[in-house]
Amino acid sequence: MERSDILRAGAMIVVFAILLATLHVIHRRPAERPVSDVPSVSAPDDLPAELRRCGALGPQDAEDPHCQAVWKENRARFFGRPARPLLPQAAPATQPMTSAPQGEKP
C-alpha cells in the first residue's frame, strides 16, 4: 500500500466518525422534564365548548369571570404557553321562583 492510500483510508474513517457523531447529536433524546406540581386534569379538554358557550352570551354577560378565564386560557394556548386547567364553572344565575304559601291557592 502506498502512503496516499493510507491517508485516503484515514480521511474516510475521520469523515465516517464525524458523520456518526452528527447523527448521534441529531437523534439524541431531550432531557426529561421534571414532573410539575400542578395537578393533572382528569376531565377532557372542553375549551372549545366553553368558548362556544361564552361566545353565545350577550354583551350583558361580558364580565362573567368564568368566560374571562376561558378567553385568557385560549389566548395563552394561542401564544404557545402551556395549558392550565380551567376554573370550575359556576352555576348560572337563575331567578328564584316565587311560590304561593302552602295554605293558599294561586
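Look above for the structure.
Below or above, wherever it landed, is the structure these notes cover.

Cut-offs applied
- Residues numbered from 1 in each chain as written.
- Predicted model: local features only at pLDDT ≥ 70, side-chain atom pairs only at ≥ 80, totals over all residues.
- Heavy atoms only, no water.
- Helix = DSSP H or I, 4+ residues; strand = E, 2+ residues; numbered from the N terminus.
- Buried < 20%, exposed > 50% of the residue type's maximum accessible area, 1.4 Å probe, protein only.
- Contact = heavy atoms within 4.5 Å.
- Areas by Shrake-Rupley, 256 points an atom, 1.4 Å probe, with all protein chains shown as cover.
- Disulfide = S-S within 2.5 Å.
- Phe/Tyr/Trp six-rings, centres within 6.5 Å; stacked < 30°, edge-to-face > 60°.

## What to know about the overall build of the protein chain
The helix and strand tally for the protein chain stands at three helices and zero strands. When the 106 residues of the protein chain are sorted by exposure, 9% land in the buried category. Relative to all contacts within the protein chain whose residues are 6 or more apart in sequence, the contacts with residues 24 or more apart total 28%. Accessible surface computed for the protein chain: about 10100 Å², of which carbon and sulfur atoms make up 62%.

## A closer look at the state of the cysteines
On inspection of all chains with the given rule, the structure shows one disulfide. Covalently, Cys54 is tied to Cys67 through a disulfide, its sulfur atoms 2.1 Å apart. Where Cys54 bonds to Cys67 through sulfur, the torsion about that S-S bond is close to -90°, and the disulfide is left-handed. Of this pair, Cys54 sits in helix H2 (residues 47-56) while Cys67 sits in helix H3 (residues 65-78), and the two are 13 residues apart along the sequence. Take Cys54 and Cys67: they sit in the same class, and that class is buried.

## Observations concerning the packing of aromatic side chains
All chains considered together, the criterion is met by one aromatic pair. When the centroid spacing of 5.0 Å and the interplanar angle of 80° are considered together, the rings of Phe78 and Phe79 count as edge-to-face. Accessibility assignment for this pair places Phe78 and Phe79 in one class, exposed.

Worth remembering: the numbers are spatial, not functional.
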